[in-house]
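Close look at the chain arrangement
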Amino acid sequence: MTKQLTPRVSWVGKIDWELTHFHGDELSTHKGSSYNSYLIRDKKTALIDTVWQPYDKEFVSRLKETVDLKEIDYIVMNHNEIDHSGALPALLREIPGTPIYCTKKGEAILRGHYHEDWNFVNVKTGDTLCLGDTTLTFVEMTMLHWPDSMLTYMDSERIMFSNDAFGQHYASESLYNDCVDHTEMMREAEKYYANILAPYSMLVGKKIQQILAMQLPVDMICPSHGVIWKDNPMQIVEQYQRWADAYQEDQVTIVYDTMWQSTRKMGEAIADGIRDVAPHTTVKLYNIAHADKNDVLTEAFHSKALLVGSPTINYGHSFAIAGWLEMLKGLKLKKKRAAAFGSYGWSGDAVKQLNALLQEAGMQLVDEGIQKLWVPDGSVIEECRQYGRHFAEALDNADN
């Protein structure tokens, strides 16, 4: 179904209400998503991005209802992951030879995905494409979040087609940011940033500065996933600047796995101790064997400190904790403090291993952590509370 954004621009994408996981099973999408494609009509017609491959035939069929495909003069591919480029083969079977405007890396990725010798036109930052009264300007967005990424700016409508930047995995028939629940939308935008763009935060900050220096007036930001930023569109750009700058709030997240509840009890006692010293600090606990991994990563992104706990199992730590820490390492978070804790029966190797993994993930260790033998009794619970108090004091001293 086509939705008119301006007299010249139409949304021709796909709302995916059923999507529950993305990037294989790496990313949970509790609120579905959308694959946003845009049609620009001037003296010449340009299509910006397509949709995910499972919807290619549906996309082409619906596009035919909107425009004679032979009237499409150009295809602009801001990014060529299959959720954006998936409908290209089906579309180009209908209109072979249509020029595809993309970065040089974009061409390499399209050739690698589809093994077709299409009509590629490589562009770089500052290159333009005139459609008549409208000019498109291309800006490379290397590693936000793939090597080929770019945005396209439309001068006549003051629209920034930003592809993955500024998006959310968030399905809604309401097209604009002021037509949905703001808190829910921003939660999904932060989850999207934390799990997809956080590894490239340094590049995000520099690229935003470059874009701002271009002084492009912006009335609308049209990402490739989720709702369009129409009401105060630069709010998401400003939020990205905050997220890219070693973002943290006054929160401590405790992540653990447990076999016979001993490590859980330790984590809960540590949380009580933190609250004793820092009652205004938000403390959240997650059993990572049962919690959503990406939601907990988002909480870690949000936090100033982490505590990670595991019992010692076969001279090591639990596989649920190991997998989550590997995901955490990939996010390359900055300026976060951490420590490990856990129960054990005889070897007690887990805490030492967790500390090493936390350091590999870029965390600054507060101390060597705490480990306790067997099931904690009242005195051990009090030791864990006291440890939580010391942990909160160390954070407070570091902040000051």
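Everything here concerns the structure above.
Residues numbered from 1 in each chain as written. Predicted model: local features only at pLDDT ≥ 70, side-chain atom pairs only at ≥ 80, totals over all residues. Heavy atoms only, no water.

This next bit is on the overall build of the chain. Regarding its fold elements, the chain presents 12 helices and 22 strands. Overall size of the chain, expressed as C-alpha extent along the three principal axes, is 80 × 40 × 35 Å. Scored against the burial criterion, the 400 residues of the chain give a buried share of 57%. Carbon and sulfur atoms make up 49% of the accessible area of the chain, which amounts to about 17,000 Å² in all. Of the side chains in the chain, 39 bear a positive and 55 a negative charge, and the two mean positions are spaced by 2 Å. (Helix = DSSP H or I, 4+ residues; strand = E, 2+ residues; numbered from the N terminus. Buried < 20%, exposed > 50% of the residue type's maximum accessible area, 1.4 Å probe, protein only. Areas by Shrake-Rupley, 256 points an atom, 1.4 Å probe, with all protein chains shown as cover. Lys, Arg positive; Asp, Glu negative; His and termini not counted. Charge placed at Lys NZ, Arg CZ, Asp CG, Glu CD.)

Scanning all chains against the criterion turns up 24 salt bridges. In this structure, the salt-bridge partner of E157 is R8, at a minimum N-O distance of 3.2 Å. One end of the pair, E157, is in the loop between strand 14 (150-154) and strand 15 (159-163); the other, R8, is in the loop between strand 1 (3-4) and strand 2 (9-11), with 149 residues separating them in the sequence. Judged by its relative accessible area of 23%, R8 falls in the partly exposed class. Here the salt bridges share partners, and the residues they tie into one network are R8, D42, K43, D133 and E157. (Salt bridge = Lys/Arg side-chain N within 4 Å of Asp/Glu carboxyl O.)

What follows is about the side chain of S149. Note on placement: S149 falls in the loop between strand 13 (135-140) and strand 14. Judged by relative accessible area, S149 falls into the buried class, the value being 2%. With near-sequence residues (within four places) excluded, S149 lies in contact with N78, H79, E140, M141, T142 and L144. (Contact = heavy atoms within 4.5 Å.)

Turning next to the sheet that holds strand 12 (residues 128-130). Strand order in the open sheet formed by five strands is 12-13-14-15-16, and the pairing between neighbours is mixed. For this open sheet the edge positions go to strand 12 and strand 16 (220-223), each flanked by a neighbour on one side alone. Here the strands of the sheet are splayed against their neighbours by 20° on average, with no regard to which way each runs. (Pairing = 2+ DSSP bridges. Axes fitted to C-alpha atoms, helices over the stretch in contact; angles between N-to-C directions.)

This part is about the sheet that holds strand 2. Consider a sheet: its strands pair through backbone hydrogen bonds, and that pairing is either parallel or antiparallel. Taken in spatial order, the seven strands line up as 1-2-7-8-9-10-11 in an open sheet, and their pairing is mixed. Each edge of the sheet is formed by a strand with only one pairing partner; in this case those strands are strand 1 and strand 11 (120-122).

Among the five residues that make up strand 15, five are buried, leaving the element largely enclosed by the rest of the structure. Of the two faces of strand 15, the one lined by I159, F161 and N163 and the one lined by M160 and S162 are each fully buried. Both strand 14 and strand 15 contribute to a ladder of three bridges, which runs antiparallel. In the sheet register, Y153 faces strand 15, and the bridge partner there is M160. In this structure, strand 15 lies alongside strand 16, joined through four bridges in parallel fashion. Paired with N163 across the bridge in strand 16 is P223.

Once that is clear, we can look at the side chain of H169. Relative to the assigned elements, H169 resides in the loop between strand 15 and helix 5 (182-197). There is a polar contact of 2.7 Å between the side chain of H169 and the side chain of S33. (Polar contact = N/O pair within 3.5 Å; in protein donor to acceptor, adjacent residues only side chain to side chain.)

Let's shift gears to unusual backbone geometry. With an omega dihedral of 5°, the bond running from L144 to H145 counts as a cis peptide bond. As for its placement among the helices and strands, H145 is situated in the loop between strand 13 and strand 14. In this structure, Q215 takes a positive phi of about 55° despite not being glycine. For Q215, the location among the structural elements is in the loop between helix 6 (201-213) and strand 16.

This part is about the nonpolar core. Within the largest apolar cluster, 85 residues are counted, with the highest numbers of intra-cluster contacts made by I236, Y240, W324 and L328. For this core, the element with the most residues is helix 5, which contributes eight residues. (Core = buried A, V, L, I, M, F, W, Y, C linked by side-chain atoms within 4.5 Å.)

Where burial is concerned, most of strand 19 (residues 305-309) is hidden: five out of the five residues are buried. The alternating pattern of strand 19 places A305, L307 and G309 and L306 and V308 on opposite faces, both of which are buried. Both strand 17 (residues 251-256) and strand 19 contribute to a ladder of five bridges, which runs parallel. Bridging across to strand 19, V255 finds its partner in V308. For strand 19 and strand 20 (residues 337-344), the ladder comprises five bridges, and the chain directions are parallel. Bridging across to strand 20, A305 finds its partner in R337. The parallel pair strand 19 and strand 20 is bridged by helix 10 (residues 319-331), and the resulting crossover is right-handed. (Right-handed = clockwise from strand over helix to strand, strands pointing away.)

Relative to the 32 Å expected for 22 residues at 1.5 Å per residue, helix 12 (residues 378-399) spans 32 Å between its end C-alpha atoms, a close match to the ideal helical length. The complete set of buried residues in helix 12 reads V380, I381, C384, Y387, G388, R389, F391, A392 and L395. Buried residues along helix 12 sit in contact with strand 17, helix 8 (262-277), strand 19, strand 20 and strand 22 (370-373). (Expected span 1.5 Å × (residues − 1).)

Below, the discussion takes up a nonpolar patch on the surface. Together, Y315, W346, L373, W374 and V375 line one region of the surface with nonpolar side chains, adding up to about 670 Å² of accessible area. In this structure, L373 sits in strand 22. For L373, a relative accessible area of 40% gives the class partly exposed. (Patch = residues over 30% accessible without salt bridge, like charges linked within 9 Å, V, L, I, M, F, W, Y side chains within 5 Å.)

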